[in-house]
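So the chains spell out like this:
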Protein chains: 2
Amino acid sequence: MGRKHFHGQVVGTTLNTITPCAACKLLRRRCAEECPFSPYFSPHEPHKFAAVHKVFGASNVSKLLLEVPEGQRADAANSMVYEANLRLRDPVYGCMGAISTLQQEVQSLQAELHAIRAEILKYKYREAASFISSQVSIPTNANSQ
Amino acid sequence: MGRKHFHGQVVGTTLNTITPCAACKLLRRRCAEECPFSPYFSPHEPHKFAAVHKVFGASNVSKLLLEVPEGQRADAANSMVYEANLRLRDPVYGCMGAISTLQQEVQSLQAELHAIRAEILKYKYREAASFISSQVSIPTNANSQ
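Residues numbered from 1 in each chain as written. Chains lettered and ligands numbered in written order. Predicted model: local features only at pLDDT ≥ 70, side-chain atom pairs only at ≥ 80, totals over all residues. Heavy atoms only, no water.

J.: Where do I start with the packing of aromatic side chains in this structure?
T.: What describes a pair of aromatic rings is the distance from one ring centre to the other and the angle between the planes of the rings. Per the stated rule, a full pass over the model turns up eight aromatic pairs over all chains. Judged by centre distance (5.5 Å) and plane angle (0 degrees), the rings of Phe56(A) and Phe56(B) are stacked. Taken as a pair, Phe56(A) in the loop between α2 (46-55) and α3 (58-66) and Phe56(B) in the loop between α2 (46-55) and α3 (58-66) lie in two separate chains rather than in one. Judged by its relative accessible area of 0%, Phe56(B) is buried. Ring pairing ties together the aromatic residues Phe37(A), Phe41(A) and Phe49(A), which thus form one cluster. In this arrangement the basic side chain of Arg126(A) is found over the ring face of Tyr123(A), its NZ or CZ atom lying 5.1 Å from the centre. (Phe/Tyr/Trp six-rings, centres within 6.5 Å; stacked < 30°, edge-to-face > 60°. Helix = DSSP H or I, 4+ residues; strand = E, 2+ residues; numbered from the N terminus. Buried < 20%, exposed > 50% of the residue type's maximum accessible area, 1.4 Å probe, protein only. Lys NZ or Arg CZ within 6 Å of the ring centre and 35° of its normal.)

This is the structure in structure tokens:
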């Protein structure tokens with residue numbers, strides 16, 4: 001009270017009264033300028049905050065964001081959204097399920113690569129052997145002439 | 001009060017007064033028989049609950065555990081510990097960093113496999129071509145004799 005209003009914002013705490021961020025909208029709280037969520041959770045993508053809120057909880061998201069340097073907070077917020085969506089899709093294994101699937105894929109590709117490298121060695125050996133035998137047969141013919 | 005004590009347990013709520021689980025130890029609360037954490041967070045591995053507590057928060061861990069069937073809760077707890085440790089090790093990218101590294105590894109292995117398959121085709125083609133030319137040269141000699 002007693003604060004001057006200017007274009008829907010309260011001078012001093014500067015409220016985003018027109019477009020509160022997705023977090024403040026969900027949590028039904030005032031979205032002040034210093035809101036830790038507003039730079040990373042746009043009101044146009046409410047599902048992003050809904051996901052991190054469900055998995056990590058609002059206070060943990062805010063704590064995790066504030067623990068990283070400001071220039072990396074957008075990446076941290078996005079990775080939390082990604083992680084939360086994986087947990088919501090697979091409540092038992094979450095991102096560990098995705099990591100385990102990828103690790104199996106890497107192992108199977110490495111095994112395939114190992115086998116195909118052995119095959120190519122066989123071809124290279126056969127080619128070298130046929131080249132040597134062709135080189136060896138010339139002097140033999142030359143002597144017989 | 002008024003409850004009968006039996007071997008360190010309060011009959012009725014059955015407290016684990018001798019060995020409270022890692023969660024109840026950290027949260028300094030009574031570890032009752034119906035404790036949602038005790039089957040999954042042994043007091044001998046306190047770092048496991050400490051990690052999930054830091055990243056997800058105790059109430060979210062309990063909520064996430066109760067949302068999956070009982071037979072899968074141990075797996076869910078372990079995957080949460082795994083995920084939390086990745087986030088603590090890499091606060092910006094967490095498990096998304098691990099997933100992205102593995103995806104790049106899969107792509108690079110697939111590219112290598114693709115290249116080596118093309119190389120093997122070249123060998124097969126050369127071998128087939130030299131076989132055909134050796135077959136073709138026989139009738140030519142036969143005609144000239």
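J.: It is not clear to me how the interface of chain B and chain A should be interpreted in this structure. Could you clarify?
T.: Frequently, the measure chosen for interface size is the accessible area removed from exposure when the parts meet. At the interface, 42 residues of chain B touch 42 residues of chain A. In total, about 4,100 Å² of surface goes out of reach between chain B and chain A, with carbon and sulfur atoms giving 65% of it. Considering only the surface of chain B that becomes buried against chain A, Arg87(B), Val92(B) and Tyr123(B) emerge as the three largest contributors, covering 14% of it. We note a salt bridge from Arg87(A) to Glu83(B), for which the minimum N-O separation is 2.6 Å. Here chain B and chain A share 16 residue pairs in polar contact (both at pLDDT 80 or more) between them. Mapped onto the side of chain B that touches chain A, the elements with two or more residues apiece are α2, α3, α4 (73-89) and α5 (94-144) of chain B. When residues of the side of chain B that touches chain A are assigned to their parent elements, the largest contribution, 21 residues, is made by α5(B). (Contact = heavy atoms within 4.5 Å. Buried area = accessible area lost by both parts, 1.4 Å probe. Salt bridge = Lys/Arg side-chain N within 4 Å of Asp/Glu carboxyl O. Polar contact = N/O pair within 3.5 Å; in protein donor to acceptor, adjacent residues only side chain to side chain.)

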